[in-house]
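Residues per chain, in single letters:
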Amino acid sequence: MLNIIWMAFFLIAFVVALIKLLVLGDQLIFTQLMQAMFELAKTAFEIALGLTGVLALWLGIMKIGERSGFIQLLTYALTPLFQRLMPDVPKNHPAIGAMVMNISANALGLDNAATPLGIKAMKELQTLNPFKDTASNAQILFLVINTSAVTLFPVTIFTYRAQMGAANPTDVFIPILIATYISTLVGLLSVAWVQKINLLDRVVLAYLGGFTAVVFALLLYFSNLPQQDMVNQSSLISNVILFSLVIVFITAAWIKKVNAYDAFIDGAKEGFETAITIIPYLVAMLVAIGVFRASGAMDMLAEGLRHLVLSLGLDDRFIEALPTALMKPFSGSGARAMMVDTMQTYGADSFAGRLSSIVQGSTETTFYVLAVYFGSVGIKHIRHAIGCGLAADFAGILAAITVAYWFFG
């Protein structure tokens, strides 16, 4: 899918440029395309280079949290919920621990740890699956929870925002938290409706009620503030929470006699390696997007959508961030490149820049997760997995747009 999208950017750009040359007589259009290719390749490298220090910092901190037992603590806390949502999975089955650890790692932004844990969980669930080529109910629920992106600590988004010059990179933290909660809730409700899961169970209600109470309290608090105070308070609370989490990690490491410094260094090395690894992907996607934009195809698409939105009497500022939303279900790296392109074009602290960041944190890459997780166990018949996953994506994107207008509109 990513290959098709990537090639489509170039082919569409070529067709649009050819029309401009032959029909409109624009003799500079292909020069502009080549300039865009060279400039965006250079920009991609500069962005990745600038990310190195921030990625090293945050992955170092997250490694302390991992070794201090924070994920294991979350595993213990969430196990009762999973036992109710997946009644086909026996109590104390290895799949439960792997699933909770995967979701905990995703929530804390530990992408490198989350993927192998997710594959392990899917393989454990496959041992309980009587029809090996067809997704079981438990496998579908686990996949949809993954694709709805339970994100509590979106480190990567903060990192990119810092690199792109945001005055306060973490000011989107509370909006992301709200959007990802709604995405996850819709994903869970859609699967529960299809699978007839009893969400009225006392344990399930207690967990959902607790999560909802936290989000509702945030909504209630911010709804009573003027917009500028809302932005300032969101930034303050976000920074207090995030720095407090750092202190919790370090304190837990001290209590458990974990060498926090060594853990940080190991994580920082991973951050450096990650920054180097993403250079080819950034170059590939940013160049494709740059060519697509330089040809005028991006403007044509945006103007078409803008005309439709304005004809309905709606505000059209969210249009600039739609490329990130449209790419998100298909490709994480593609959506990340779209987010970077939006921030670079309009500014990290622009409405579009902030909205694209919130969209990026509100959902996960549905088709990618589906391909990797189901592909790892040979599942061919996915049943209602894609429908429920896309429902969660759509809800997350709508929530992201709504909360962006609320906080930054």
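Residues numbered from 1 in each chain as written. Predicted model: local features only at pLDDT ≥ 70, side-chain atom pairs only at ≥ 80, totals over all residues. Heavy atoms only, no water.

An unreviewed UniProt entry lists the chain under the name Membrane protein, with Methylophaga thalassica given as the organism.

## So, the overall build of the chain
The criterion, for reference: The helix count covers DSSP runs of H or I at least four residues long, the strand count covers runs of E at least two residues long, and both are numbered beginning at the N terminus. Contacts: residue pairs with any heavy atoms within 4.5 Å of one another. To be clear on the numbers: accessible area is Shrake-Rupley with a 1.4 Å probe, and residue cover counts the displayed protein chains and nothing else.
When its secondary structure is counted, the chain shows 17 helices and 0 strands. Across the chain, the fraction of contacts at a sequence separation of at least 24, relative to all contacts at a separation of at least 6, is 79%. For the chain, the accessible surface area stands at approximately 18500 Å², while carbon and sulfur atoms represent 69% of it.

## Thoughts on the confidence of the model for the chain
Here is the rule we go by: Values of pLDDT, which run from 0 to 100, indicate the predictor's confidence residue by residue.
Per-residue confidence for the chain averages 82 on the pLDDT scale, and 90% of its residues sit at or above 70. Across the chain, the element-wise mean pLDDT spans from 75 in helix α4 (residues 94–107) up to 91 in helix α15 (residues 351–362).

## Notes on the packing of helix α8 (residues 173–195) against α15
Selection rule: Simply put, an axis is a line fit to the C-alpha atoms, just over the touching stretch for a helix, and the angle between two N-to-C directions goes from 0 to 180 degrees. Oblique is the label for any angle not covered by the other classes, which are roughly parallel (under 35 degrees), roughly antiparallel (over 145) and roughly perpendicular (65 to 115). By definition, turning the near helix anticlockwise from the far helix through less than a right angle yields a left-handed crossing, and turning it clockwise yields a right-handed one. Note on residue categories: nonpolar means Ala, Val, Leu, Ile, Met, Phe, Trp, Tyr, Cys or Pro, charged means Asp, Glu, Lys or Arg, and polar means any other residue, Gly included.
Here α8 crosses α15 at 40°, and the two axes come no closer than 8 Å. Classified by the interaxial angle, the pair formed by α8 and α15 is oblique. Crossing handedness for the pair α8 and α15: right-handed. Touching P175, I176, A179, T180 and S183 of α8 are S357, I358, G361 and S362, all from α15. Within the contact of α8 with α15, the residues separate by chemical class into 4 nonpolar, 5 polar and no charged.

## What to know about the pattern of salt bridges
Rule in force here: By salt bridge we mean one thing: a side-chain nitrogen of Lys or Arg within 4 Å of a carboxyl oxygen of Asp or Glu. Relative accessibility thresholds used throughout: buried, under 20% of the residue-type maximum; exposed, over 50%; partly exposed, between the two (1.4 Å probe, protein chains only).
Enumeration over the complete set of coordinates arrives at 10 salt bridges. A salt bridge links R354 to D171, with the nearest nitrogen and oxygen atoms 2.9 Å apart. You can see R354 sitting in helix α15 and its partner D171 sitting in the loop between α7 (155–163) and α8, a full 183 residues away along the chain. Neither residue differs from the other here; R354 and D171 are each classed as buried. A salt bridge links D316 to R306, with the shortest nitrogen-to-oxygen separation between them at 2.9 Å. You can see D316 sitting in the loop between α12 (297–311) and α13 (322–327) and its partner R306 sitting in helix α12, a full 10 residues away along the chain. On the basis of relative accessibility, which here comes to 18%, the residue D316 falls in the buried class. Through salt bridges that share partners, R161, D171, D349 and R354 make up one connected network.

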